[in-house]
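The residues making up each chain are set out below.
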Amino acid sequence: MTPPPVPGPDSAAGVIARFLKARGVDRVFGLCGGHIMPIWMRVDAEGVRIVDVRDERAAVYMAHAHAELTGGLGVALITAGPGVTNGMTGLANAHVARAPVLVLSGMPPRPQENRGALQDMSHVEFVRPLTRYARTVREPALVLQELDEAVARAFGQGGEPGPVYLDFPVDTLRATVPRPLQRAEHFAAKPPPRLVPGEDDVLRAVDLLWSAKRPLFVSGRGARGAGAALLRVLDALGALYLDTGESRGLVPDSHPSVVAAMRGTAMGEADLVVTVGRRLDFQLAYGSPAVYKDARFLRIADAPSELRDNRRGDVELFATPALALDAIARAANGRVPAVDRGWATAMRAQHEARTRKLHTAMREAPPGADGRMHPQRLLAALRDVLPKDAIVVADGGDFLSFARVGLACETYLDPGALGCIGIGTPFGIAAALAHPERTVVVVTGDGAFGFNAMEIDTAVRHGAKVLIVVANNGGWAIEVRDQQETYGKVVGTELQFADHAAMARAFGLLGERVDDVAALPAALERALARRPALLDVIVTPEAASSDAKSGLAWVPDLQAIAAWDDAERAWRGID
Ligand SMILES: Cc1ncc(C[n+]2csc(CCOP(=O)(O)OP(=O)(O)O)c2C)c(N)n1
């Protein structure tokens, strides 16, 4: 038997690895297989770290989180056939989140294509709807320009940002790329394009903003990097601000514009809504006039979906958000805003009062009738010990809902608009590896934890200093509640109060079970000091979260939550 030649730096696999290195990629997340082994080995030879996982889905989740947390490219390397199908949920999540992720895979050698080869599937046909660019590259000489193009598309150059996909027959990977075709222009990293706003549009935006009495800003994914400019405009106007999970931390909670706890009221009362890099999706009531009763809209975005989805703006600024906001601040210089200060101040005061009340309620939340701890007690104890710059990853149903509102942090990730539960542990591992100096905590329901629980092995092997806190209520609680309230019967939604701490210990983490509120502070201290660690905290399944109460779980017809659905019905004249 003759083993194939080991591909060198001038092989297609070698060129891929050198491209990644040239683009500043310092790690890839992957699971090995013969069809990608040439890339795998060349990536390692170039000094790019391989974070090897236990399921391809987790590799794509990690690449996604890495991209979100670093502003760079996330790369996943997964093998042909089942490797790619396993990665599909990760692709779908990055697609909805518009995260710049490059997924690389392999194919059977060209002479075996379509002959029933091992792991032979036409991947591009099924990844295409989830990607901005999906190609099989058979010609070695074209590998480099295809990578260059794919990465440009991932960052949204000429379209929406999001995941991209390339695969290569394994004989292509072993073939040599002729030197003259290894062109520097394709290796070189390019600065992101800047979209400059039109002057007339900026003046129209200033008129809209400076004549508004109750302006409300909402930011999203596209506003990242525009924090300083956003603060300048908020301060100049005295406008109010709502964050969303996509851009949490952009405006600090202590800023007088923040009125997160008054979300519904602010949306109903605003006379001007300014979206900055944010889709008007289900979380924002699709921008419906039924919910935003008197509002005009100003849309600012550099991606089409964030510029005019669901609700056209009275002014639409198609521009890099930071540039648009800076231009607005400059053009308005000295102009006196018409903002109703009494409204803004009262809203902020009510926000602060509600937040204080919530924190007191979290500390005092009584146990369930079953005697088990309320999940809010767990979150209150966590709040007390989390540093200001913590990275929080929230996952699950009821518990995610409690955590999203109850925990303060500078950086926050969750399943996002796809509702992709199970991301917790992979996101947390990628976060801990990207920011080893920061405290990373995954707060997850026991159901959500199960999807990628095996990745605790990856955390140990790679020294990812993540703390995983499982709120163990023995079931898919938010679904149990929906069944009880809507159908009067509970079926297929109960789990065991399984011993996740024992599972963690089996893989070499510090693992402790906690079922007593009084034991939480010491357990948290021990776990934070010895990460990776897992706390399996027994909580009552009886605690209904705001997401459960809002009707999110039962999926109303017209809007995501029941109150908006009622408003939408009334507005449309439906009984
Ligand atoms: C991949 C996926 N499967 C199923 C669902 C539906 N779902 C949403 S929340 C939830 C329950 C989560 O249970 P758990 O993580 O234990 O949190 P709890 O509600 O008990 O706090 C389910 C099944 C989903 N959003 N995503």
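Summary of the structure given here. Everything numeric in this text was worked out from a predicted model, so none of it was measured.

Quick word on the environment of Pro 178
By the element assignment, Pro 178 lies in the loop between α7 (170-174) and α8 (184-187). The exposure class of Pro 178 is partly exposed, given its relative accessible area of 36%.

Thoughts on the site of the ligand
Contacts to the ligand come from 17 residues, most closely from Asp 398, Gly 419, Asp 446, Gly 447 and Ala 448. In the model, an oxygen atom of the ligand is placed 3.2 Å from a nitrogen or oxygen of the Ile 478 main chain. Note that a nitrogen atom of the ligand is positioned 3.0 Å from one of the side-chain N or O atoms of Glu 479. Here the ligand has 590 Å² of accessible area as a free molecule, and 76% of this is covered by the chains.

Focus on the pattern of salt bridges
Tallied over the full model, the rule gives 39 salt bridges. Where Glu 149 meets Arg 153, a salt bridge forms, and the shortest distance between an N and an O atom there is 2.6 Å. With Glu 149 and Arg 153 both in helix α6 (residues 143-154) and four residues apart, this pair spans about one turn of that helix. On the basis of relative accessible area, Glu 149 is assigned to the partly exposed category, the value being 30%. You can call Arg 153 partly exposed: its relative accessible area is 32%. Between Arg 221 and Glu 306 there is a salt bridge; the shortest N-O distance is 2.9 Å. Taken together, the residues Arg 221 in the loop between β7 (215-219) and α10 (227-237) and Glu 306 in helix α12 (residues 304-308) connect sequence positions 85 residues apart. When salt bridges that share partners are traced, they join Arg 98, Arg 221, Glu 246, Arg 278, Asp 281 and Glu 306 into one network.

Thoughts on the packing of helix α3 (residues 56-70) against helix α4 (residues 82-97)
Viewed as axis vectors pointing N to C, α3 and α4 meet at an angle of 30 degrees, and their least axial separation amounts to 7 Å. If you check the angle between α3 and α4, you find them roughly parallel. Every pair of crossing elements has a handedness; the one defined by α3 and α4 is right-handed. Contact residues: α3 offers Glu 56, Arg 57, Val 60, Tyr 61, His 64 and Glu 68, while α4 offers Pro 82, Gly 83, Asn 86, Gly 87, Thr 89, Gly 90, Leu 91, Asn 93, Ala 94 and Ala 97.

Describing the packing of aromatic side chains
Counted by the stated rule, this structure contains three aromatic pairs. Ring centres 5.4 Å apart and planes at 75 degrees place the aromatic pair Tyr 292 and Phe 297 in the edge-to-face group. Phe 297 carries the same exposure label as Tyr 292, and that label is buried. With a centroid separation of 5.9 Å and an interplanar angle of 70 degrees, the aromatic rings of Phe 451 and Trp 476 are classed as edge-to-face. Note that Phe 451 is positioned in helix α18 (residues 446-451) and Trp 476 in the loop between β15 (466-472) and α20 (477-487), a separation of 25 residues in sequence. Taking relative accessible area as the criterion, Phe 451 reaches 35% and is therefore assigned partly exposed. The ring of Tyr 412 carries Arg 248 above its face, with NZ or CZ at 4.6 Å from the centroid.

The rules behind the values
- One numbering rule holds for all chains: residues counted from 1, following each sequence as written.
- With the structure being a predicted model, the display of local features is reserved for residues of pLDDT at least 70 and the display and counting of side-chain atom pairs for 80 or more, all residues being used for whole-chain, interface and lining totals.
- Remark: hydrogens and water are excluded; side-chain values derive from all non-hydrogen atoms of the structure.
- Only DSSP runs of H or I with at least four residues qualify as helices, and only runs of E with at least two residues qualify as strands; both kinds are numbered from the N terminus onward.
- Here's how the labels work: a residue is buried when its accessible area is under 20% of the maximum for its type, exposed when over 50%, partly exposed in between, all with a 1.4 Å probe on protein chains only.
- The cutoff for a nearby residue is simple: one of its non-hydrogen atoms must lie within 4 Å of the molecule or strand.
- The definition of a polar contact used here is a pair of N or O atoms within 3.5 Å, where within protein one atom must be able to donate a hydrogen and the other to accept one, and adjacent residues in sequence count solely through side-chain atom pairs.
- Exposure was quantified through the Shrake-Rupley algorithm and a 1.4 Å probe, taking into account, for residues, occlusion by the shown protein chains and nothing else.
- The salt bridge criterion pairs a side-chain nitrogen of Lys or Arg with a carboxyl oxygen of Asp or Glu, the two atoms within 4 Å.
- Interaxial angle, 0 to 180 degrees, is taken between N-to-C directions of lines fitted to C-alpha atoms, where a helix line uses only the stretch in contact.
- Here roughly perpendicular refers to angles of 65 to 115 degrees, roughly parallel to angles under 35, roughly antiparallel to angles over 145, and oblique to all remaining angles.
- In this scheme the handedness of a crossing depends on how the near helix is turned from the far one: anticlockwise by less than a right angle means left-handed, clockwise means right-handed.
- Every residue pair with non-hydrogen atoms within 4.5 Å of one another is taken to be in contact.
- Two aromatic rings from Phe, Tyr or Trp, using only the six-membered ring of Trp, form a pair when their centres are within 6.5 Å; if the ring planes differ by under 30 degrees the pair is stacked, by over 60 it is edge-to-face, and anything between is tilted.
- Only Lys NZ and Arg CZ are tested; either one counts as a charge over a ring when it is within 6 Å of the ring centre and within 35 degrees of the ring normal.

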